[in-house]
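# Commentary on secondary and tertiary structure
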Amino acid sequence: MAMCNIPSTNTDPSYRYKMPKIITRKESSGNGKQTCIVNMGDVARAIKRPPQYTTKWFEIEFGLKSNYTNKKGEGERSLVKGHQDAPVFQSSLDKFLDKYVLCPACHLPEINLIVKKKSISAKCMACGWTGALDNGHKLGNYIIKNPPDESGLNLHDSAAEGVDG
């Protein structure tokens, strides 16, 4: 699997933060055209964010419907309506990384998201920076409504916790 730096605009060959390059497959034709991002789960795990966030980011950025599924038999995949090339997704993902993954101070992908009281903030594990992230972006609203779990790799599932009576 081909790897690239986080973000892909970093050209240092010995940079330690790596992620898989996005792999796309164009499916269907006519009105049902869609692009499948085959390795969205692997990319999301490498940047330590739920795959639903990156899928929603593409939906917002391209103005196209999208969804993320992890079904038995199909595996993990992200579908975006319309046909797009992998480099288009990669450059859009770099914008996502800049807003929600890279530390504004040291530019390393070491921040942990903190979602509290209708705001998104973060703390950098590398330099100690603490502050607010872009709460005004449409994805910010989605993250507030669907906060990550403790690992940061999945959405917090309040329905699975049950109710003590």
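About the criteria used
Residues numbered from 1 in each chain as written. Predicted model: local features only at pLDDT ≥ 70, side-chain atom pairs only at ≥ 80, totals over all residues. Heavy atoms only, no water. Pairing = 2+ DSSP bridges. Helix = DSSP H or I, 4+ residues; strand = E, 2+ residues; numbered from the N terminus. Axes fitted to C-alpha atoms, helices over the stretch in contact; angles between N-to-C directions. Phe/Tyr/Trp six-rings, centres within 6.5 Å; stacked < 30°, edge-to-face > 60°. Buried < 20%, exposed > 50% of the residue type's maximum accessible area, 1.4 Å probe, protein only.

## Focus on the sheet that holds strand β5 (residues 66-71)
Spatial strand order, β3-β4-β6-β5: four strands in an open sheet with antiparallel pairing. Here the strands that pair on one side only, and so sit at the sheet edges, are β3 (24-27) and β5. Sheet twist, expressed as the mean angle between neighbouring strand axes with direction ignored, is 25°. Examined bridge by bridge, strand β4 (residues 34-37) and strand β6 (residues 75-81) share four bridges and lie antiparallel to one another.

## What about the packing of aromatic side chains?
All chains considered together, the criterion is met by seven aromatic pairs. Pairing F58 with F62 gives two aromatic rings, centres 6.0 Å apart and planes at 10°, and the pair type is stacked. On the criterion of helical spacing, the pair formed by F58 and F62 is a turn pair, its members being four residues apart in helix α2 (residues 51-62). Accessibility expressed as a relative area gives 0% for F58, which makes it buried. Taking the relative accessible area as the measure of exposure, F62 reaches 24% and is therefore partly exposed. Relative to Y100, the ring of F96 has its centre 5.8 Å away and its plane inclined at 40°; by these criteria the two rings are tilted.

## A word on the pairing of β4
Residues Q34 and C36 line one face of β4 and the alternating positions T35 and I37 line the opposite face, and both faces are buried. The hairpin turn running from β3 into β4, its antiparallel successor, is six residues long, and S28 in that turn takes a positive phi close to 60°.

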